[in-house]
Amino acid sequence: MAKKNDVTVEDKLRALYDLQLVDSRIDEIRNVRGELPLEVEDLEDEVAGLSKRLDKMDADIEVIENDIKSKKNLIDESKVTMKKYAEQQKNVRNNREFNALSKEVEFQELEIELAEKHIKEYRAQIEQKKEVIEQTKGRLDERKKHLEHKKSELNEILAETEKEEQALIKKSAEFEKNIEDRLVNAYKRIRSNVKNGLAIVPVERGASGGSYFTIPPQVIMEIAGRKKIITDEHSGRILVDEELAKEEQEKMHNLFAKA
């Protein structure tokens, strides 16, 4: 192939338009996937978040159950203490000692009453958390099923298009190597700033492709002459004549068929 500096303007236009056709085909493939990759990622994050929430609530219940055990142990200890004080009351020598032991018994009774109140509150908390857990599990199961469906849908699309996409990405890189860096940079700059990534468009019915702005006849003649690179004054896109576009489209059609 001729060196980059030896190629004609027509060669440059054909090379740029070929690059555009390849990149547009890659865009089409990616558009087929649409928002699916992001949907799958969001669902994976949601499933992970729900699973983490379930783990935390299970851990919270375990802590509360341990608190219930502690309160039950406190009740058992208080009962033992009360029994001990009751025995001591049988052997007191005066009312002062008896009253002091009675106060200790009353204190233990209050401890038991308070512990039982706490146990009741803890059990209510556990029931409440179990209800939330059941709701969360239902949500998690539904999200997991939806995730599997979306993954399956994405995998089917990837299986159909990944091989072609990789081949076209490689071809796009090859095409770029055969085009002057300044033109490649201009192409990429225009492509990033225009709708649908179309940086190179043919003239159609007297206007640039996808535009309703009419191109003056003199400019159309210059474009058809393929002697210089001309851009659309309204969109900034590089323009090629319709005949050149058709020739390159046919050539690229055969390339895509083999991809």
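Quick caveat: nothing in here was measured; it's all calculated off a predicted structure.

Draft legend 1. Broad picture of the overall build of the protein chain. When helices and strands are tallied, the protein chain shows 6 helices and 4 strands. Ordered by position from N to C terminus, the α and β elements of the protein chain give α-α-α-α-β-β-α-β-β-α. In summary, the protein chain has a C-alpha radius of gyration of 39 Å against a globular reference of 18 Å for 259 residues, an excess of more than 25%. Principal-axis analysis of the C-alpha atoms places the extent of the protein chain at approximately 125 × 35 × 35 Å. Considering the protein chain as a whole, with its 259 residues, one finds that 35% of them fall into the buried category. Taking contacts inside the protein chain between residues at least 6 apart in sequence as the whole, the part at least 24 apart equals 78%. When the 49 basic and 57 acidic side-chain charges of the protein chain are each reduced to a single mean position, those positions are 3 Å apart.

Draft legend 2. Structural view of the UniProt feature "coiled-coil region" (unreviewed entry) in the protein chain. Under the local residue numbering, the UniProt record ascribes the feature "coiled-coil region" (unreviewed entry) to residues 40-74 and 98-178. Here residues 40-74 is 100% helix and 0% strand, with 51 Å between the C-alpha atoms at its ends. Span residues 98-178 is 99% helix and 0% strand, its end C-alpha atoms 107 Å apart.

Draft legend 3. Inspection of the sheet that holds strand β4 (residues 238-240) at higher detail. One open sheet holds the 4 strands; their spatial order is β2-β1-β4-β3, and the pairing between them is mixed. The outermost strands of the open sheet, each flanked by one partner alone, are β2 (207-208) and β3 (230-231). Bridge count between β3 and β4: 2 bridges; the pairing is antiparallel. Bridge assignment links Thr-231 to a residue of β4, and that residue is Ile-238.

Draft legend 4. How the structure looks around the UniProt feature "domain: C4-type zinc ribbon" (unreviewed entry) in the protein chain. UniProt marks residues 208-239 with the feature "domain: C4-type zinc ribbon" (unreviewed entry), using the numbering shown here. Counted over residues 208-239, helix gives 28% and strand 16%. Its end C-alpha atoms are 7 Å apart.

Draft legend 5. Region of the structure containing the side chain of Glu-164. Residue placement: Glu-164 occurs in helix α3 (residues 95-177). Exposure remark for Glu-164: the relative accessible area of 13% places this residue in the buried category.

Draft legend 6. Quick look at unusual backbone geometry. The phi dihedral of Arg-205 is positive, around 55°, even though this residue is not glycine. Checked against the element boundaries, Arg-205 lands in the loop between β1 (200-204) and β2. Located in the positive-phi region is Arg-226, a residue other than glycine, with phi close to 55°. Examined against the element boundaries, Arg-226 turns out to sit in the loop between α5 (217-225) and β3.

Draft legend 7. Highlighting the pattern of salt bridges. Tallied over the full model, the rule gives 28 salt bridges. Of the charged contacts, one joins Lys-12 and Glu-180 as a salt bridge, the two residues approaching to 2.6 Å between their closest N and O atoms. Taken together, the residues span a long stretch of sequence, with Lys-12 in helix α1 (residues 9-33) and Glu-180 in the loop between α3 and α4 (181-193) at a distance of 168 residues. With relative accessibility at 18%, the residue Lys-12 sits in the buried group.

Draft legend 8. Geometry of the environment of Pro-216. As for its position among the elements, Pro-216 is in the loop between β2 and α5. The exposure class assigned to Pro-216 is partly exposed, which follows from its relative accessible area of 44%. As a C-alpha pair, Pro-216 and Leu-19 span 197 residues in sequence and 27 Å in three-dimensional space.

Reading the values: rules and limits
Residues numbered from 1 in each chain as written. Predicted model: local features only at pLDDT ≥ 70, side-chain atom pairs only at ≥ 80, totals over all residues. Heavy atoms only, no water. Helix = DSSP H or I, 4+ residues; strand = E, 2+ residues; numbered from the N terminus. Rg over C-alpha atoms; globule rule 2.2 N^0.38 Å. Buried < 20%, exposed > 50% of the residue type's maximum accessible area, 1.4 Å probe, protein only. Contact = heavy atoms within 4.5 Å. Lys, Arg positive; Asp, Glu negative; His and termini not counted. Charge placed at Lys NZ, Arg CZ, Asp CG, Glu CD. UniProt positions renumbered as here; feature names shortened; annotations may be inferred. Pairing = 2+ DSSP bridges. Salt bridge = Lys/Arg side-chain N within 4 Å of Asp/Glu carboxyl O.

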